[in-house]
Amino acid sequence: MRKITKTVCIALTGCLAAAALAGCGSETKTVLELPYYDGTEYTSELHDVPEYNRELWRSNVNAARIMELADPQVFDNTSRDGYYYIYATNDMTTSRTKDFIEWEFMGTILETPSGWADRWAPEVIYDEETEKYLYFFSATAQSGASCVLYLATSDCPYGPFELVDFLDAESCFGAENVHTYSDNDSPLTKDDFQNAFDKYTYFDPVKFGAVLNQKYGTSISTTHIPTIDPHPFIVPETDEAHGGEKYLYVSLDDPYYLGLDRGILAIQCDNWFKPDYSTAEVVTRVGYSTIEDYNRAKAGEEVETLWFELAGTALVNEGPEAYYHNGKYYLTLSYCGYGDPGYGVVQAVGDSPLGPFRKLTEAENGVLLSYDAGGNTKASGTGHHSFFEIGDKLYIAYHRHSVYGTTDGGRELALDEIKWLKTEDIDGNEIEVMYVNGPTVTVQPRFDNEAEYKNIAEQGTVKLEKGKFANGSSAEYMNDGLLSMNTVVNQDFVNAHVKETQITQTSTFSITFNELKTVRGFMVYDSKLKEEVFRKIKNIEFIGEENGQEITYYIAELNLDERSNIVISSFDGSVRNTVRGGGVYAEFDAIKVKQIKFTVEVPENQTQVGIAEIAVLGKVQ
């Protein structure tokens, strides 16, 4: 750093410029001009992601350094070997990481028999009873066969896994788990199921079909029921009623010829090798908020449907995930089909693992993750997800289209944080719902346990030092931990809970910490609204202390990198759209900071500016 000494006006923030000092009462203090990098260097003219320092930042663009990665499950195995593993629709391989920055490819983990195809959407769970890693997946075993579920086991999360033979008591861990392929009404025996894949299918088709016939009036005989996207779920012990119970959620895949519309089916398992078929319940139907609404519609009643689930090229409910939080069960699932840009995630809530579940309305943040009905022009196909935790924080892993709007460029991993927000449900009662800080495509602060520096902004207090808010706005909105993303879906919810700090004139803010913090980065998130974007942040002061004396580090100006943060009209130079979750940032050598001041400029052609959030990269204590 180059040390400079300037005379500054104590009464005015940001009067470090010489012209602003004329005639004001003053004193001398030490100011250090702060060398920094602002994230505006690119390795290629064709690549819209700037170079960034992976010690401090991360990005959802090729986050796993793998060109094609769909239907991801991030599996937390840190308590056993210190790693997170990722399983996906990618030919039975896995990679592992400790920091979500660098991934170690672990190779092929399961060899399926020759001719098997459509090996989709695996999920892994560790079984305490057998001390095995269980690999659930769906596949098409032979031409003309349905895509159905299979199970494989291993002593190791990266294999090799071996298929479970449900005609072999040793392979399926007990004679009570062996498939009999018969029920009281069927003369069939296991000898009638000797195709090359029958013995490996997870569900006993006769027993499973008999239950569905009885509950839903179908006429299934010996057909292997099309099921994909398995999600094994163990209820946390914090639920006194269901703690420790095992459930499997699957998607009914294209089962019209069976007389079943698409939806999510849930089933309780006695153990992971023996489903309790009597508990099988279809818990969601495409386009309907509840199973009750679906049944009423089938009976001819007029029922309100979910427009966003019916707007895509495919009508699906798939990729289910379950999560237990504060006495409620959250069932999340994908809609619209993976090839559609509108592929996204919705959330439903219930009181038990088997429901009944109700998909939340837009006013309750029902659409959890999406391309905002076309409003987001940088992230599409944001679906098929899983959850993982780091400390007390919850994150979502999902795939998105590598090329906006199409699967031609493949799909890639994306990771964003989930926040819990309180709102009113349709009956006026308080309910907690998930909110995703995403989908993001720009550089973001790291969040992993290996990071030396993380966002500590929420530890500080933000204050308006000079300037003017728009009516009803507040400095608190830029430091509530919520990224401002959607402009089309969920607008009643967004307007009530996810607000930006809006100013009507150039304004100066401060963020103050209770003690000195070691800081290496600072970020200001821009508005999601094209009419309210800022183009620069000025007069950034990092006020700290050295040898008992106050010291200020200074950056004159950070300009918005238009290439990666906004979409400019080639006709008149106006802002056509914004890149949600973007903004300006600076990184620098570590400094001790207690307060940061910065000025946000309102451009001449705008009436106001929105500031979505701020981030301060401080050393983890």
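Basis of the calculations
- Residues numbered from 1 in each chain as written.
- Predicted model: local features only at pLDDT ≥ 70, side-chain atom pairs only at ≥ 80, totals over all residues.
- Heavy atoms only, no water.
- Helix = DSSP H or I, 4+ residues; strand = E, 2+ residues; numbered from the N terminus.
- Rg over C-alpha atoms; globule rule 2.2 N^0.38 Å.
- Buried < 20%, exposed > 50% of the residue type's maximum accessible area, 1.4 Å probe, protein only.
- Contact = heavy atoms within 4.5 Å.
- Areas by Shrake-Rupley, 256 points an atom, 1.4 Å probe, with all protein chains shown as cover.
- Lys, Arg positive; Asp, Glu negative; His and termini not counted.
- Charge placed at Lys NZ, Arg CZ, Asp CG, Glu CD.
- Core = buried A, V, L, I, M, F, W, Y, C linked by side-chain atoms within 4.5 Å.
- Expected span 1.5 Å × (residues − 1).
- Polar contact = N/O pair within 3.5 Å; in protein donor to acceptor, adjacent residues only side chain to side chain.
- Pairing = 2+ DSSP bridges.
- Axes fitted to C-alpha atoms, helices over the stretch in contact; angles between N-to-C directions.
- Phe/Tyr/Trp six-rings, centres within 6.5 Å; stacked < 30°, edge-to-face > 60°.
- Lys NZ or Arg CZ within 6 Å of the ring centre and 35° of its normal.
- Salt bridge = Lys/Arg side-chain N within 4 Å of Asp/Glu carboxyl O.
- pLDDT = per-residue confidence, 0-100.

Attention shifts here to the overall build of the protein. In terms of helices and strands, the protein carries five helices and 35 strands. Taken over the C-alpha trace, the protein has a radius of gyration of 27 Å; the compact-globule value for 621 residues is 25 Å, and the two agree within 12%. For the protein, the spread of C-alpha atoms along the principal axes amounts to about 100 × 55 × 50 Å. Every one of the 621 residues in the protein was classed for burial, and the buried ones make up 60%. Put simply, 61% of the contacts in the protein that link residues at least 6 apart link residues at least 24 apart. Total accessible area on the protein stands at roughly 25,400 Å², and carbon and sulfur atoms take up 43% of it. Taking the average place of the 51 positive charges on the side chains of the protein and the average place of its 96 negative ones, the gap between the two points comes to 8 Å.

Take the nonpolar core next. Membership of the largest hydrophobic core comes to 39 residues, with the highest contact counts inside it found for Val524, Ile540, Phe542, Phe598, Val600 and Val616. Only β29 (501-526), β30 (536-546), β31 (549-559), β34 (583-600) and β35 (609-619) provide two or more residues apiece to this core. Examining the composition of this core, we find that eight residues originate from one element, β34, more than from any other. Excluding anything up to four places from it in sequence, Ile540 contacts Phe522, Tyr553, Tyr554, Ile555, Leu558, Ile596, Lys597 and Phe598. Membership of the second largest hydrophobic core comes to 38 residues, among which are Tyr52, Met434, Leu482 and Phe493.

Quick look at helix α2 (residues 205-216) now. Side chains of residues three or four places apart in an α-helix project in the same direction, reflecting 3.6 residues per turn. For α2, built from twelve residues, the straight-helix expectation of 16 Å at 1.5 Å per residue is met to within 8% by its first-to-last C-alpha distance of 16 Å. If you follow the buried residues of α2, they end up packed against β14 (263-271). Regarding α2, its N-cap is Asp204, as a side-chain oxygen of that residue lies 3.0 Å from the backbone nitrogen of Val206 further along. One or two residues past the end of α2 sits Gly217, with phi positive at roughly 70°.

It is worth spelling out the sheet that holds strand β5 (residues 83-87) at this point. With antiparallel pairing, the four strands of this open sheet are ordered in space as β4-β5-β6-β7. The outermost strands of the open sheet, each flanked by one partner alone, are β4 (73-77) and β7 (104-108). Geometrically, the sheet is characterised by an average inter-axis angle of 25° between neighbouring strands, direction not taken into account. Of the pairings in the sheet, the one linking β5 to strand β6 (residues 93-97) comprises four bridges and is antiparallel in character. Along β6, the bridge assignment pairs Tyr87 with Thr94.

For Ala451, the position within the fold is in the loop between β26 (444-445) and β27 (453-455). Through-space distance from the C-alpha of Ala451 to that of Pro113 is 42 Å; in sequence the pair is 338 residues apart. Those residues in contact with Ala451, other than ones at most four positions away along the chain, are Arg446 and Val620.

Attention shifts here to the packing of aromatic side chains. Taken as a whole, this structure holds 44 aromatic pairs when the rule is applied. Ring geometry for Phe208 and Tyr277: centres 5.9 Å apart, planes at 45°, overall tilted. Taken as a pair, Phe208 in helix α2 and Tyr277 in the loop between β15 (274-275) and β16 (281-285) lie far apart in primary sequence, 69 residues in all. Tyr277 shares its class with Phe208; the two are buried. The ring of Tyr83 is capped by Lys98, whose NZ or CZ atom sits 4.9 Å from the centre of that ring. Note that Arg563 overlies the ring of Tyr42, its terminal NZ or CZ placed 3.8 Å from the centroid.

Take unusual backbone geometry next. At the junction of Gly159 and Pro160, the peptide bond is cis and its omega measures out at 5° in the coordinates. By secondary structure assignment, the location of Pro160 is in the loop between β10 (147-154) and β11 (162-163). Pro356 follows Gly355 through a cis peptide bond whose omega is 5°. Counting through the fold element by element, Pro356 comes out in the loop between β19 (344-350) and β20 (357-359).

With respect to the secondary-structure elements, Gln444 resides in strand β26. One polar contact links Gln444 to Thr442, side chain to side chain, over a distance of 3.0 Å. A polar atom in the side chain of Gln444 sits 2.9 Å from the backbone oxygen of Gly581. Beyond its immediate sequence surroundings of up to four residues, Gln444 is in contact with Leu56, Trp57, Arg58, Leu483, Tyr525 and Gly581.

Turning next to the environment of Glu292. By the element assignment, Glu292 lies in helix α3 (residues 291-298). Owing to a relative accessible area of 56%, Glu292 belongs among the exposed residues under this scheme. Along the backbone, Glu292 and Val303 are eleven residues apart, and their C-alpha atoms lie at a distance of 9.9 Å.

Our focus in this paragraph is the sheet that holds β10. Strand order across the open sheet formed by four strands is β8-β9-β10-β11, with antiparallel pairing between neighbours. Edge positions in the sheet fall to β8 (117-127) and β11, since each of these pairs with one other strand and no more. The pairing of β8 with strand β9 (residues 132-140) spans seven bridges and is antiparallel. When the bridges of β9 are listed, Trp120 appears paired with Ser138.

This part is about the pattern of salt bridges. Opposite charge on two side chains makes pairing possible when the charged atoms of those side chains draw close. Counting across every chain of the model gives 23 salt bridges. Here Arg296 and Asp293 are joined by a salt bridge, their closest N and O atoms 3.1 Å apart. Residue Arg296 and its partner Asp293 are located together in helix α3, separated by three residues, close to a single helical turn. Among the residues examined, Arg296 registers a relative accessible area of 30% and is labelled partly exposed. Residue Asp293 is classed as buried on the basis of its relative accessible area of 15%.

Across the protein, the average pLDDT comes to 90, with 90% of residues at 70 or higher. Below pLDDT 50 for its whole length, residues 1-25 participates in 49 contacts with residues either more than four positions away or in separate chains.

This part is about the environment of Gly374. Along the chain, the position of Gly374 falls in the loop between β21 (367-369) and β22 (383-390). C-alpha of Gly374 to C-alpha of Pro341: the two residues are 33 residues apart in sequence and 8.1 Å apart in space.

Burial analysis of β19 places seven of its seven residues in the buried class, which makes it a mostly covered element. Side chains Gly344, Val346, Ala348 and Gly350 of β19 all project onto a buried face; the interleaved residues Val345, Gln347 and Val349 project onto the opposite face, where all are buried too. Pairing of strand β18 (residues 328-335) with β19 involves seven bridges; the strand directions are antiparallel. When the sheet's bridge partners are listed, Leu331 is paired in β19 with Ala348. Sheet topology places β19 next to β21; two bridges connect them, and they run antiparallel. Along β21, the bridge assignment pairs Val345 with Leu369. One ladder, built from three bridges, connects β19 with β20; its direction is antiparallel. Bridge pairing in β20 links Ala348 to Lys359. Linking β19 back to β20 in an antiparallel pair, the connection comprises six residues, with Gly355 at a positive phi of about 85°.

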